[in-house]
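What follows is the residue order along each chain.
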Amino acid sequence: MTYVSTRGQAPVLAFDDVLLAGLARDGGLYVPQEWPRFSAAEIRALAGLPYAELATRVMLPFLDRTISEDDFAALVADSYAGFGHAAVAPLKQLDRGDWLLELFHGPTLAFKDYALQLLGRLFDHVLARRGARVTIVGATSGDTGSAAIEACRDRAAIDIVILHPKGRVSEVQRRQMTTVLSSNVHNVAVEGTFDDCQDLVKALFNDQPFRDEMALSAVNSINWARIMAQIVYYFAAGTALGAPERPVSFAVPTGNFGNVYAGYGARAMGLPVEQFVVGSNRNDILTRFFDSGEMALGEVMPTLSPSMDIQVSSNFERLLFDLYDRDGAALADVMARFRATGAMNVGAARWKKALELFDGFRLDDDGTQAVIRDVYRATGELLDPHSAVGVAAGRARRRRADIPMISLATAHPAKFPAAVEAATGIHPALPARLADLFERPERCDVLPNDVAVLKDYVKGKVAKVAA
Ligand SMILES: *Cc1c(COP(=O)(O)O)cnc(C)c1O
């Protein structure tokens, strides 16, 4: 199996090269040249397998023997061994035909762990084989930095430098990053804003000699391997509720469209899915697209579900690639115009095609609070604000009452305690394995908002190992 860029101009690559490349050289995103397909019998055989075993079977066709089956099975088993629930991604019933897929049992309590735990190990495995190393650099406003740090900690071929704005992330968010004391983890509190942090990271990547010397890399949400790892839990949930005999539907609280696109991938591989409902908060560029066929940039507004406060859903380009019949040149044109004008219209036929499978739904902060309260009253379950948007979307846009709707719970309620407590009066407790977070020692370096100082810092931290 090989991978092609959505913009048609980058080299066709094998899995291990796609893994390390991230973004394609033409600015596009890599997708498989052809989706692997499972027969009904193969899907039936997945039902009831332990998560790691199911995961290995679902992902193996994507590797095309670039990693041996035994090595890969070991990496996958290790990735999920430390999760806080034996089922890894358990399903919980909320109501008749209304299900919650809990994706918050990883080390940082949000669904990104499901892909990043494997991604860090895959990077390490492929780099070690090549005798190479990388320096992962990223900026975080608080939410996603810890998942990247947990993914890369203690990996022999990786250093990771994560910038956060000093004093502008919550204490839980900061401690989830700074209490990781592994020698390859470097936390930097920048005296500035999140935008300053992002600009600093961009400046490092734009300095080509520095970028080469430090072998800079990223583990961002467009990496193909993250999509691949997320496909797994769609199969796990679908087969648990009766696929392939019975179809299922999914509701997904969405920002960059990476999570729901993985569901689209599971369907392309043969999982019978009736419908995907895409949930947004007030940052509703996707809902407006499904309402109108036009994608138009807006202002980013802060909400109770900050991981979905985004302007452009970068992974949406992968769906557009299929809507444009995999014509990379045509899509490159569309994306260039979108960049220039801030808007794109895909035309009535493509819009209609998207609506066969997808529905959009938007929920503001008041609505989010109401759903958290109502679900708590009706079931005793505490939802985080992101998960609440998903549940509301699934209920509002469900097409068929006889097909189970599975909402993806993307964060543990204790990750967003203020919103949950305001809605329910209950302060959600951290799981036992994180209960001592506030007693653990921290390590973090404070730096001014100055790119020269940051470059010296990175060189000092990774120079010895890079040499
Ligand atoms: C990242 C994130 C999302 C959005 O996922 P996408 O793949 O970007 O659509 C939703 N909820 C939580 C808690 C997240 O961390």
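All of the points below concern the structure found in this document. (Residues numbered from 1 in each chain as written. Predicted model: local features only at pLDDT ≥ 70, side-chain atom pairs only at ≥ 80, totals over all residues. Heavy atoms only, no water.)

### Things to note about the overall build of the protein
So, point 1. Summing up its helical and strand segments, the protein has 19 helices and 15 strands in all.
So, point 2. For 467 residues, the compact-globule estimate of 2.2 N^0.38 gives 23 Å, and the protein sits close to it at 21 Å.
So, point 3. Burial statistics for the protein: of 467 residues in total, 57% are counted as buried.
So, point 4. Residue pairs at least 24 apart in sequence account for 76% of intrachain contacts in the protein once pairs closer than 6 positions are excluded.
So, point 5. Accessible area for the protein stands at about 18400 Å²; split by element, carbon and sulfur atoms hold 49% of it.
So, point 6. Between the centroid of the 49 positive side chains of the protein and the centroid of its 56 negative side chains there is a distance of 2 Å. (Helix = DSSP H or I, 4+ residues; strand = E, 2+ residues; numbered from the N terminus. Rg over C-alpha atoms; globule rule 2.2 N^0.38 Å. Buried < 20%, exposed > 50% of the residue type's maximum accessible area, 1.4 Å probe, protein only. Contact = heavy atoms within 4.5 Å. Areas by Shrake-Rupley, 256 points an atom, 1.4 Å probe, with all protein chains shown as cover. Lys, Arg positive; Asp, Glu negative; His and termini not counted. Charge placed at Lys NZ, Arg CZ, Asp CG, Glu CD.)

### A short note on unusual backbone geometry
So, point 1. Cis peptide bonds are those with omega within 30 degrees of zero, and the linkage from Ala243 to Pro244 qualifies with 10°.
So, point 2. Looking at the secondary structure, you find Pro244 in the loop between α10 (224-240) and β9 (248-253).
So, point 3. The backbone phi angle of Leu109 is positive, close to 70°, even though this residue is not glycine.
So, point 4. Mapped onto the fold, Leu109 is located in the loop between β4 (98-102) and α5 (112-130).
So, point 5. Phi at Ala215 is positive, roughly 50°, even though this residue is not glycine.
So, point 6. The topology assignment puts Ala215 in the loop between α9 (208-213) and β8 (216-217).

### Observations regarding the sheet that holds strand β7 (residues 185-191)
So, point 1. Spatially, 5 strands are ordered β8-β5-β6-β7-β15 in an open sheet, and the strand pairing comes out parallel. The two strands at the open ends of the sheet, each matched to only one other strand, are β8 and β15 (445-448).
So, point 2. As defined by bridge partners, strand β6 (residues 158-165) adjoins β7 across 6 bridges and the pair is classed as parallel. When the sheet's bridge partners are listed, Ile162 is paired in β7 with Asn187.
So, point 3. Along the sheet, helix α7 (residues 171-178) makes contact with β6 and β7, crossing β6 at roughly 160°. (Pairing = 2+ DSSP bridges. Axes fitted to C-alpha atoms, helices over the stretch in contact; angles between N-to-C directions.)

### Digging into the site of the ligand
So, point 1. Neighbouring the ligand are 14 residues, the closest being Lys112, Gly255, Asn256, Asn259 and Thr410.
So, point 2. Within the contact set of the ligand, an oxygen atom lies 2.5 Å away from a side-chain nitrogen or oxygen of Lys112.
So, point 3. The backbone of Gly255 places a nitrogen or oxygen atom 2.8 Å from an oxygen atom of the ligand.
So, point 4. For the ligand, whose unbound accessible area comes to 390 Å², protein coverage reaches 95%. (Near = heavy atom within 4 Å. Polar contact = N/O pair within 3.5 Å; in protein donor to acceptor, adjacent residues only side chain to side chain.)

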